Amino acid sequence: MEQDPERACLRSFELHESESSLYVLGTNSDRTLWRLLKIDRSEPSELVIDECSTVYTESEHPDLLKGLDDEHRSTGGVKFVTKFYGIIGFIKFLGPYYMLIITEQKKIGEIFGHPVYQVTRTSMVELANSKTRSTFQNFKDENRYRKILNALDLRKDFFFSYSYHIMRSLQKNLADPQDGWTLYETIFVWNEYLTRRIRNCLRNTLWTVALVHGFFKQDKFSISGKDIMLTLIARRSRHYAGTRYLKRGVNEKGRVANDVETEQIVYEAVPGPTEVSSVVQNRGSIPLFWSQETSKLNLKPDIILHEMQNNYEATELHFENLRARYGNPIIILNLIKTRERRESILRREFDKAIKIINKSLSEENHLRFLHWDLHQNSQGKPTNVLDVLLKVAFRALNLTEFFYCQVAPSSETSAQCPTLLNGLDQYLCDDNNSDDTECTEIAGDVSQEDISGSSDSSGNATTEDKFENSGLPPPKPPKFQKGVLRTNCIDCLDRTNVAQYAHGLAALGHQLHALGFIESPELGLEAPLAHHLMHFYEMMGDTLAVQYSGSAAHNKVFSAKRGHLKLFIQSQEFFRTLQRHYSNTCIDANKQAAINLFLGYFQPQQEKPALWELESSAGKHNNNLFDGHPSTLKRVKSDGTILHESNASISGSGRCHNEPLSASQPDVQNGFQFPTSESDSLHENEISSACGSGVAHLRYTPTASDVLHVPRAKVEYCHDSGDSNFLDLEWLSTSGNSSDERSIATSTPDANLSKIMSLVA
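A short tour of the structure in this document, coming up. (Residues numbered from 1 in each chain as written. Predicted model: local features only at pLDDT ≥ 70, side-chain atom pairs only at ≥ 80, totals over all residues. Heavy atoms only, no water.)

### A closer look at the packing of helix H9 (residues 384-400) against helix H13 (residues 494-514)
It is the contact of H9 with H13, at a shortest axis distance of 8 Å, that shows an interaxial angle of 55°. Comparing their axes, H13 and H9 come out oblique. Considering the relative orientation of H9 and H13, their crossing is right-handed. Residues Leu 386, Leu 389, Leu 390, Ala 393, Phe 394, Ala 396 and Leu 397 of H9 touch H13, and the partners they reach there are Val 498, Ala 499, Tyr 501, Ala 502, His 503, Leu 505, Ala 506, Ala 507 and His 510. Looking at side-chain class alone, the contact of H9 with H13 contains 14 nonpolar, two polar and no charged residues. (Axes fitted to C-alpha atoms, helices over the stretch in contact; angles between N-to-C directions. Helix = DSSP H or I, 4+ residues; strand = E, 2+ residues; numbered from the N terminus. Parallel < 35°, antiparallel > 145°, perpendicular 65-115°, else oblique. Left-handed = near helix turned anticlockwise from the far one by under 90°. Contact = heavy atoms within 4.5 Å. Nonpolar A, V, L, I, M, F, W, Y, C, P; charged D, E, K, R; others polar.)

### A closer look at the pattern of salt bridges
Enumeration over the complete set of coordinates arrives at 26 salt bridges. Put simply, Arg 133 and Glu 126 hold a salt bridge, and the shortest N to O gap is 3.0 Å. Note that Asp 723 is salt-bridged to Arg 347, the shortest N-O span being 2.4 Å. In this pair, Asp 723 is assigned in the loop between strand E25 (696-697) and helix H19 (729-733) and Arg 347 in helix H7 (residues 341-359), connecting sequence segments 376 residues apart. Residues joined by salt bridges that share partners form a network here, namely Lys 66, Asp 69, Asp 70 and Arg 73. (Salt bridge = Lys/Arg side-chain N within 4 Å of Asp/Glu carboxyl O.)

### A short note on the packing of helix H6 (residues 313-326) against H7
Between two packed helices, both the angle of their axes relative to each other and the distance between the axes serve to describe the pair. Packing of H6 against H7 brings their axes to within 10 Å, and their N-to-C directions diverge by 70°. With respect to their mutual orientation, H6 and H7 come out roughly perpendicular. As H6 packs across H7, the resulting crossing turns out to be right-handed. Residues Thr 315, Glu 316 and Phe 319 of H6 form the contact with H7, whose own contacting residues are Phe 350, Ala 353 and Ile 357. Across the contact of H6 with H7, the residue classes tally to four nonpolar, one polar and one charged.

### Notes on helix H5 (residues 192-202)
Buried residues dominate H5, accounting for eleven of its eleven residues. Listed as buried for H5 are Glu 192, Tyr 193, Leu 194, Thr 195, Arg 196, Arg 197, Ile 198, Arg 199, Asn 200, Cys 201 and Leu 202. At the C-terminal side of H5, Arg 203 shows a positive phi close to 60°. (Buried < 20%, exposed > 50% of the residue type's maximum accessible area, 1.4 Å probe, protein only.)

### As for the pairing of strand E2 (residues 21-27)
For a regular strand, side chains alternate in direction, first toward one face of the sheet and then toward the other. In terms of burial, E2 is largely enclosed, as seven of its seven residues are buried. Here strand E1 (residues 12-17) runs beside E2; their pairing, made up of six bridges, is antiparallel. Each residue of the ladder has a partner; that of Leu 15, found in E2, is Val 24. Joining the antiparallel neighbours E1 and E2 is a turn of three residues. Across seven bridges, E2 lies against strand E3 (residues 33-40) in antiparallel orientation. The residue bridging Ser 21 from the neighbouring strand is Asp 40, located in E3. Here E2 hands over to E3 after five residues, with Arg 31 in that stretch at a positive phi of 60°. (Pairing = 2+ DSSP bridges.)

What follows is the structure, given as structure tokens:
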């Protein structure tokens, strides 16, 4: 076939089995091409994979199956098992490998015509057959591990796309287009560990899907006589992932608990959108070493602050991670209480950490911060806090701006994976240019003058001339978001979600204004679209709260905005508090154990303590556990069809015998896995036994000497330096809310586009 088979997107799969092998047949959306993957069942404790390089046509599909059946006629032939929609990955406990597959999916939206699906049903396929299964022992423990893994319900809030990189923001996909199997190593792909072996072996992702955990909602609304598509995406980080009381604060690598990226995308709902805008914000636990012990008797257990490092190295590393992800500035909106004993401890320490870190940074890299007690300011009329948070959001948008770009509609139709058009290439490359490589190479190194329409150095026509010749209007200059607003409260759920809604509403006004739908960038709280957006953020808040804490969010402000009675709001909040407490004390330990298995934080081994046997003392940090651990992955290479090869020739061909998987290959010792690269931050998870449960979870448990009672740094700390360094608190406290008080994000792009792209890369 003329298409490059490595670029062919497989969307539907068939699983067939014989006594010695599993066969996966994958096809594209219109079933015009087929590919074959063979998984050996004779060595189920090792992963032996053979990808056939031949691409088959639809008419050859029946002959392919017939040939496989004839090859295994002596052992009963080949039988159809199931149809499925992608491989989640492979996992091994104490016995054979298992293949996790998606057997049912539901389309929940699309971005630029690229469908987005939610997982609705999965299946675990054992690689062992009836003969090899009997060679394994410890069936009781094996079944227990399987039961633990099932506590992580993949049918809830896991989504993916075959052709759009849903794990990345729109700005990154357009301004910094990337492709390939390494995209799975981003922090938002939850099955990175489960797919690592097959990806490193095959060097492609044709057979697997990248699962993102969080929230996705999309709907169409009308404004100014036009239909707009509004999409809200929340991506939960797989680093330091877990449940409420079992994952708190920061770890040594600067990863925080409940780290979630929220993206809001807006474009006109017409075929082939020509203009699109997005804005990204972040939430995450307070980046200090702190914890709370679960208690069946105490609904609000004490907050314990720990002494782990001097001068807040982990805190500083966290903000360096954010700067690498989003650029400058990093704006911190801290919503915890100032007069409540438990939270005020963190409030003072967080403020101190920020100011000490800023002393070591250049002025342009300073952390911008605002400490504002949302709870105290909502005691009178809860909805008043939205007015204040809108003012904060407008000022933050003035610093970070947002992403806007024109995207030329694509007329390509092929069996290959559709890739999102580079939002910058069309300003530089003629549609009839046959040298696509040259165009893409210069896209990342172009000045703003090139995009604005000036002639290039080679004497080619200006961009405006090219669009005039093609009958299209000249493009508008793109805008880029630089930096991010990071919001937190204690759990980063309830108060944080209110603030994120306010920021989303302020951004939506700017987005609609940039797209030409409204004349003013302000969108009031009473606008119909504001109520729709509040529903989006309320749903997202409930979803994220269930994932992290076990109950829906406390939506006091949203309920008050809708006019609900105070008694109704109080009863709803009390019920959710009890629901959250039950989940934290009785369910979260099992859920955390499932997350640890799924993400590869814990890998069972023979003759090693089981996950449910581990004691809290075993969770101490040990940075010396980096001894080499041989891989159990093997690969069978094939240069062509395997239909006429014998089993002996296949199994005897070039395998990946204990070859290194990658630089991020995990090391395992005593049941723990530790990273050697950014993509595999596994030593950040420690072990402790769960309160009231026989299942252990990974968490750092401090000793008495770790509790903070002593000065932390020699740097002089100014106690009177205020609660904000990026806006005036007196201005914030005023009731006025007119447009002249708000800082409107500028629409003028930076002059040096290459510098901007280096920030968003």
